[in-house]
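What follows is each chain in one-letter form.
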Amino acid sequence: MTQDFDLNPTIPVAPADFRSGFVALIGRPNVGKSTLMNQLIGQKVAITSPVAQTTRNRLRGILSTDQAQIIFVDTPGIHKPHHELGKILVKNARSTVGAVDLVVFIVDGAVPLGKGDQFIADFLVKTEAKVILGVNKIDQRPDKRPEIFASYQALATQNHWQLQEFSALAGDRLPELQDKLIQALDPGPYYYPPDLITDQPERFIMAELIREQILLHTRQEIPHSVAIAIEQVNEGEEITEVRAAINVERNSQKGIIIGKKGAMLKTIGTAARQQIQKLIAGKVYLELFVKVQPKWRQSRTRLAELGYRLEDN
Ligand code: GDP
Ligand code: MG
């Protein structure tokens, strides 16, 4: 009997009818792209929040089943850019579309088709991307749904796109969406080991989990001016020590994040520590400090230092 030795034992050989591919999640800010990705892969890798423009860097989430492997590419929402950071975010979302096998164009099913969606639809039509229209948030406004649904149905019919309604938050009709995605992909190999859920290093997810708590606990102006840098991670036997800098643009923002007698920073730190403990499945000591970096969003160099780069496909 001969024995086959697999040179890369973590990536199995796909069966003959296996399908795989890269699927971009595209849509306006806040329609639920990151929520959908987390639900489909079954773990939180992308942060979500009620504040628009939560997602900054492109993040891949990997879903592996016996039949298929789907690599989701979560993108920042497409919108009109106002500053250098905004320009990079939009440009990266656009370049993503050209590099994937399939696009799920996600819209907010709680409201009818709007200008922002039409802007994205026009852009997608000009590309050669294969598109499925995903109508999310069907748990909201069920009374108004027939009219809303009609506006999206018309858009899908006009462009020969498939349509699937779902609720990412409630987990409703996600199996139907998943089936449609798999059917739309070509036969292909495993690209990643089946137990891997994201392509991002743990440090990146840690920084995102800290940023998420800032989004949740501070007012509108703060979240957009914040960048997290993980400066040190020491993995001890009992506890992992994480040291992170919260970069802001102004002294006033530093004050808000620290709060009265450090109360806000303590709240953010406690909540972020709990999230990071779930991520690494172990005890964490989290040290946070706040740094003022004037106008970091306007400076390409600063942006690159903080991990925001134009991505080439
Ligand atoms: P993204 O900017 O497109 O990535 O949107 P997020 O995933 O961050 O979600 C934006 C907000 O919409 C969050 O507060 C989510 O909890 C909420 N959301 C996402 N999906 C649903 C859904 O199916 N139903 C409802 N009611 N809210 C949702
Ligand atoms: Mg997002």
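The structure this text deals with has already been given above.
The structure displayed is predicted, hence computed values, not measured ones.

*Asks:* When you look at the overall build of the protein chain in this model, what are you seeing that I'm missing?
*Replies:* The secondary structure content of the protein chain amounts to 9 helices and 9 strands. Relative to all contacts within the protein chain whose residues are 6 or more apart in sequence, the contacts with residues 24 or more apart total 72%. For the protein chain, the accessible surface area stands at approximately 15900 Å², while carbon and sulfur atoms represent 50% of it.

*Asks:* What's the story with the environment of Val125 in this structure? I'm lost.
*Replies:* Its location among the elements puts Val125 in helix α3 (residues 115–126). Sequence-wise, Val125 and Asn159 are 34 residues apart; in three dimensions their C-alpha atoms are separated by 7.5 Å. With residues near it in sequence (within four places) discarded, Val125 still touches Asn159 and Trp161.

*Asks:* Got a minute to help me understand the site of ligand 1 in this structure?
*Replies:* Taken together, 17 residues surround ligand 1, and among them Asn30, Gly32, Lys33, Thr35 and Asp139 come closest. Take Gly32: an N or O atom from its main chain is 3.0 Å from an oxygen atom of ligand 1. At 3.1 Å from an oxygen atom of ligand 1 is found a main-chain nitrogen or oxygen belonging to Leu169. The protein chains hide 89% of the 580 Å² of surface that ligand 1 would expose on its own. Among the elements that line the shell around ligand 1, the one with the most residues is helix α1 (residues 33–41), at 3 residues. Here the shell around ligand 1 is composed, by residue class, of 5 nonpolar, 9 polar and 3 charged.

*Asks:* Can you help me understand the nonpolar core in this one?
*Replies:* The tendency in soluble globular proteins is for nonpolar side chains to be buried as a group. Within the largest apolar cluster, 53 residues are counted, with the highest numbers of intra-cluster contacts made by Phe72, Ile210, Ile246 and Ile257. The element best represented in this core is helix α6 (residues 202–217), accounting for 7 residues. Inspection of this core shows a minimum of three residues originating in each of domain 1 (3–184) and domain 2 (202–305). If we skip the residues at most four places from it in the chain, Ile210 touches Ile228, Ile230, Ala244, Ile268, Ala272, Ile276, Leu286 and Leu288. Core analysis: the second largest hydrophobic core is formed by 25 residues, Ile26, Val73, Leu133 and Val135 among them.

*Asks:* Honestly, the sheet that holds strand β1 (residues 19–27) in this entry has me stumped. Any pointers?
*Replies:* Each strand in a sheet pairs with its neighbour through backbone hydrogen bonds, running either in the same direction (parallel) or in the opposite one (antiparallel). What the 6 strands build is an open sheet, ordered β2-β3-β1-β4-β5-β6; its pairing is mixed. If you trace the sheet from one side to the other, it starts and ends with β2 (59–64) and β6 (162–165), each paired once. The average undirected angle you get between the axes of adjacent strands in this sheet is 25 degrees. Along the sheet, α1 contacts β1, β2, β3 (68–74) and β4 (102–108); its crossing angle with β2, the most-contacted strand, is approximately 30 degrees.

*Asks:* Explain the pairing of β1 here, please?
*Replies:* Consecutive side chains along a regular strand alternate between the two faces of the sheet. Across the 9 residues that make up β1, a large majority, 8, are buried. Of the pairings in the sheet, the one linking β1 to β3 comprises 7 bridges and is parallel in character. Bridge pairing links Ala24 to Val73 in β3. Across 5 bridges, β1 lies against β4 in parallel orientation.

*Asks:* In this structure, what is going on with the packing of aromatic side chains? I would like to understand it.
*Replies:* Enumeration according to the criterion identifies 3 aromatic pairs in this entry. For the pair Phe105 and Trp161, a centre-to-centre distance of 6.0 Å together with 85 degrees between the ring planes defines the contact as edge-to-face. With a gap of 56 residues between them, Phe105 in strand β4 and Trp161 in the loop between α4 (145–159) and β6 connect regions that are remote in the sequence. Per residue, the accessibility class of Phe105 equals that of Trp161, and both read buried.

*Asks:* Can you walk me through the sheet that holds strand β8 (residues 239–248) in this structure?
*Replies:* If you trace the 3 strands from one edge of the open sheet to the other, you get β7-β8-β9, paired in mixed fashion. Both outer strands of the open sheet, β7 (227–235) and β9 (283–292), are each paired with one neighbouring strand and no more. Adjacent strand axes in the sheet meet at a mean angle of 20 degrees, parallel and antiparallel pairs treated alike. In this sheet, β9 lies alongside β8 in parallel orientation, the contact comprising 10 bridges. Paired with Ala245 across the two strands is Phe289, which belongs to β9. Of the strands in this sheet, β8 and β9 touch helix α8 (residues 263–280), which is tilted by about 135 degrees from β9.

The rules behind each value
Residues numbered from 1 in each chain as written. Chains lettered and ligands numbered in written order. Predicted model: local features only at pLDDT ≥ 70, side-chain atom pairs only at ≥ 80, totals over all residues. Heavy atoms only, no water. Helix = DSSP H or I, 4+ residues; strand = E, 2+ residues; numbered from the N terminus. Contact = heavy atoms within 4.5 Å. Areas by Shrake-Rupley, 256 points an atom, 1.4 Å probe, with all protein chains shown as cover. Near = heavy atom within 4 Å. Polar contact = N/O pair within 3.5 Å; in protein donor to acceptor, adjacent residues only side chain to side chain. Nonpolar A, V, L, I, M, F, W, Y, C, P; charged D, E, K, R; others polar. Core = buried A, V, L, I, M, F, W, Y, C linked by side-chain atoms within 4.5 Å. Buried < 20%, exposed > 50% of the residue type's maximum accessible area, 1.4 Å probe, protein only. Domains from an automatic or database assignment. Pairing = 2+ DSSP bridges. Axes fitted to C-alpha atoms, helices over the stretch in contact; angles between N-to-C directions. Phe/Tyr/Trp six-rings, centres within 6.5 Å; stacked < 30°, edge-to-face > 60°.

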